[in-house]
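Residues per chain are reported as follows:
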Amino acid sequence: MSLVLDATAQDLLFREARTANAFTDEPVTDEQIQAIYDLVKYAPTAFNQQPLRVVLVRSAEARERLVGHLGEGNQAKTAAAPLVAILAADNEFHEELPTQFPAFPQAKDIFFSERAAREQSARFNAALQVGYFIVGVRAAGLAAGPMTGFNAEGINKEFFGDGDHSVLAVVNIGKPGENAWYPRSPRLAFDEVVTTV
């Protein structure tokens, strides 16, 4: 059965897309990032909450501060990437619910008055948005190198400083360079994942 999305787009976004580990030195522009955001802002979330926050690390000084919080295997490729994005969940996302979910503005107080409930919801829904962000980077003809090997507490303190954010991923972004890909790892088959009841 065919999909509505043509084969070229399927390859770009899914089948041929890989986690990049090396990039060319071609810059990633603000316009490209704006176009990516204009796609990924439509990620599905509960109550239309939008907890994802993105810090674009462009300056050499900020890059050096970030690299110090990364695992050793992630440092060199992040130092050399054209652009790096820190993706975090804003645990105070509920403050925006009255305007972002006008059908039920009381959701802010009914469901998210307690910090623990907000943190759990923010992490899950921002993780959905992170997935869309990666696909959006691919849709822009760029490659993404998402990583979770870092000191989250250190990055939170260094780049947010308010205790209201939880870093979920650091993503290197750019045009893939020479030897950008590791060999593709296997994937589980349909029958190993899907059950019909």
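Attention here is on the structure that accompanies the text.

What counts, and at which threshold
Residues numbered from 1 in each chain as written. Predicted model: local features only at pLDDT ≥ 70, side-chain atom pairs only at ≥ 80, totals over all residues. Heavy atoms only, no water. Phe/Tyr/Trp six-rings, centres within 6.5 Å; stacked < 30°, edge-to-face > 60°. Helix = DSSP H or I, 4+ residues; strand = E, 2+ residues; numbered from the N terminus. Buried < 20%, exposed > 50% of the residue type's maximum accessible area, 1.4 Å probe, protein only. Pairing = 2+ DSSP bridges. Axes fitted to C-alpha atoms, helices over the stretch in contact; angles between N-to-C directions. Contact = heavy atoms within 4.5 Å. Core = buried A, V, L, I, M, F, W, Y, C linked by side-chain atoms within 4.5 Å. Lys, Arg positive; Asp, Glu negative; His and termini not counted. Salt bridge = Lys/Arg side-chain N within 4 Å of Asp/Glu carboxyl O.

### Things to note about the packing of aromatic side chains
Move 1: Evaluated as defined, the whole model comprises seven aromatic pairs.
Move 2: With a centroid separation of 5.5 Å and 85 degrees between ring planes, the pair formed by Phe47 and Phe101 is classed as edge-to-face. Residue Phe47 is located in the loop between helix 2 (30–40) and strand 1 (52–57), and its partner Phe101 is located in the loop between helix 5 (97–100) and helix 6 (107–111); the two are separated by 54 residues in the primary sequence.
Move 3: On the basis of relative accessible area, Phe47 is assigned to the partly exposed category, the value being 25%.
Move 4: Ring centres of Phe93 and Phe112 lie 5.1 Å apart, and the angle between their planes is 75 degrees; this geometry places the pair in the edge-to-face category. Taken as a pair, Phe93 in the loop between strand 2 (83–90) and helix 5 and Phe112 in the loop between helix 6 and helix 7 (115–139) lie far apart in primary sequence, 19 residues in all. An identical accessibility class is assigned to Phe93 and Phe112; each is buried.

### Focus on the sheet that holds strand 1
Remark on secondary structure: sheet strands pair via backbone hydrogen bonds, oriented parallel or antiparallel.
Move 1: Pairing is antiparallel in the open sheet, where four strands are placed in the order 1-2-4-3. This sheet does not close on itself; its edge strands, each paired only once, are strand 1 and strand 3 (143–147). Sheet twist, expressed as the average angle between the axes of neighbouring strands with direction ignored, equals 25 degrees.
Move 2: Along the sheet, helix 7 makes contact with strand 1, strand 2, strand 3 and strand 4 (165–174), crossing strand 4 at roughly 5 degrees.
Move 3: Contacting strand 1, strand 2 and strand 4, helix 8 (residues 152–159) crosses the sheet at an angle of about 85 degrees to strand 4.

### Some points on the nonpolar core
Move 1: In this structure, Ile36, Leu87, Val130, Phe133, Val137 and Ile173 are the most contacted members of the largest nonpolar core, which totals 25 residues.
Move 2: Elements with a contribution of two residues or more to this core: helix 2, strand 2, helix 7 and strand 4.
Move 3: The element contributing the most residues to this core is helix 7, with six residues.
Move 4: Beyond its immediate sequence surroundings of up to four residues, Ile173 is in contact with Phe23, Val28, Ile33, Pro82, Leu83, Ala85, Phe133, Val137, Leu142 and Ala143.
Move 5: By size, the runner-up hydrophobic cluster in this structure holds 19 residues, among which are Val57, Ala62, Ala81 and Met147.

### Digging into the side chain of Arg138
Move 1: Locating Arg138 in the fold gives a position in helix 7.
Move 2: The buried charged residue Arg138 lacks any salt bridge, with Asp11 as its nearest oppositely charged partner at 11 Å.
Move 3: Among all residues touching Arg138, those that are not within four sequence positions of it are Leu12, Leu13, Phe14, Ala17 and Arg18.

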